[in-house]
Amino acid sequence: MEFPVINLEKLNGEERASTMAKIKDACENWGFFELLDHGIEPEFLDTVERMTKGHYRKCMEQRFKEMMAGKGLENVQTEIKDLDWESTFYLRHLPESNIAQVPDLDDEYRKVMKEFAAKLEKLAEELLDLLCENLGLEKGYLKKAFYGSRGPTFGTKVSNYPPCPKPDLIKGLRAHTDAGGIILLFQDDKVSGLQLLKDGQWIDVPPMRHSIVINLGDQLEVITNGKYKSVEHRVVAQTDGTRMSIASFYNPGSDALIYPAPALVEKAAEQKKLVYPKFVFEDYMKLYAGLKFQAKEPRFEAMKAVESNVNLGPIATA
Ligand SMILES: [Fe+2]
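What counts, and where the lines are drawn
Residues numbered from 1 in each chain as written. Predicted model: local features only at pLDDT ≥ 70, side-chain atom pairs only at ≥ 80, totals over all residues. UniProt positions renumbered as here; feature names shortened; annotations may be inferred. Helix = DSSP H or I, 4+ residues; strand = E, 2+ residues; numbered from the N terminus. Rg over C-alpha atoms; globule rule 2.2 N^0.38 Å. Buried ≥ 20, exposed ≤ 12 C-beta atoms within 10 Å, placed from the backbone. Contact = placed C-beta atoms within 7 Å. Bend = angle between axes of the 7 residues up to and from the residue. Pairing = 2+ DSSP bridges. Axes fitted to C-alpha atoms, helices over the stretch in contact; angles between N-to-C directions.

Per an unreviewed UniProt entry, the recorded name for the chain is aminocyclopropanecarboxylate oxidase, and the organism is Hevea brasiliensis. Under the UniProt heading Sequence similarities (unreviewed entry), the entry covering the chain gives this text: "Belongs to the iron/ascorbate-dependent oxidoreductase family." We quote the UniProt Pathway (unreviewed entry) comment for the chain here in full: "Alkene biosynthesis; ethylene biosynthesis via S-adenosyl-L-methionine; ethylene from S-adenosyl-L-methionine: step 2/2."

Caption draft 1: Inspection of the overall build of the chain at higher detail. Assigned secondary structure in the chain consists of eight helices and 13 strands. Taken against the 2.2 N^0.38 rule, which gives 20 Å for 318 residues, the C-alpha radius of gyration of the chain at 20 Å falls within 12% of a compact globule. For the chain, the spread of C-alpha atoms along the three principal axes comes to 55 × 50 × 45 Å. The 318 residues of the chain split such that 34% are buried. In the chain, the share of contacts with a sequence separation of at least 24, taken over all contacts with a separation of at least 6, comes to 80%.

Caption draft 2: Seen up close, helix α2 (residues 42-69). Where α2 bends most, the angle comes to about 55°, and this point is M60. Of all the positions in α2, only L45, V48 and T52 are classed as buried. Check the buried side of α2 and you find it contacts α3 (107-135), β4 (153-161), β6 (182-187) and β11 (243-251).

Caption draft 3: Just the sheet that holds strand β7 (residues 194-198), in detail. With antiparallel pairing, four strands are arranged side by side in an open sheet as β5-β10-β7-β8. Two strands close off the open sheet at either side, each with one partner strand: β5 (173-176) and β8 (201-204). Within this sheet the neighbouring strands show an average axis-to-axis angle of 25°, counted without direction. Across four bridges, β7 lies against β8 in antiparallel orientation. When the sheet's bridge partners are listed, L196 is paired in β8 with I203.

Caption draft 4: Spatial organisation of unusual backbone geometry. The residue after L94, namely P95, is reached through a cis peptide bond having omega 5°. Examined against the element boundaries, P95 turns out to sit in the loop between β3 (87-94) and α3. Of note in this structure, H210 is not a glycine but carries a positive phi near 65°. Along the chain, H210 turns up in the loop between β8 and β9 (212-216). Taking the C-beta count within 10 Å as the criterion, H210 has 18 such neighbours and is therefore assigned partly exposed. Even without being glycine, N225 reaches a positive phi, approximately 55°. Tracing the sequence through the fold places N225 in the loop between α5 (218-223) and β10 (233-235).

So, in structure tokens, the structure goes:
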């Protein structure tokens, strides 16, 4: 049971079929995989890492220490369930960028993160088409499914997980599945901590220099009618070393209508009692905001309840 590592460059050669099969297996059985030779230059990733770590030390570290010190967590004896040991900020790229308004970033860092986002957006769309190919969906299906009226929502959560005095009692990030579409993570190559739940066991996502870790969110589970599943993951804080994690979320547009691809719903009988609901993405996100750290199934059920209400009468469109 090896964590799936995929060399994307091999798609261009005679190992294309076996590489596609590896991606398929990873999507069906792991919900996660790690990409090497993904086309984003190693030197560029080094720049992103250097600037992100520099920004953390300069603008975030002290603030985090003071905030946590104020909570008196040094001597906790029982598990803390309402807090993550992480220092974060968010950048939004699509439908429009907020990078110019995010405080404390210098011009060079803004420029680099903008460029990074453009490269990741391209990679995300390439990956969606590889998934389409493996699923037997027409090229562009997933991109279109995410598009809504204004294109996808794309953003980046920049996190650092500082050393934690009680990693057994305070998680870096509590277990959850991701709500969105496809997630691209550039993580620290030295300080580990990310784990996924597979067959009831927590498995480390191995740190690997210049790799991009991919995982699938709840929306891909719905659209694939459960062929692919979003998988629970968490971050275990470490007692030494600060872990950098830059996670970019390629998600549906807020008004995109999400539902199982008809081609993946096999029988008419299955059509009648679909496991997965049909909903507008932003309604799902409203629900997720309060239930992130709970199981996904009740979220799907709640969306089904909304769906049956919506279908009762004509919908006002004015
Ligand atoms: Fe996540």
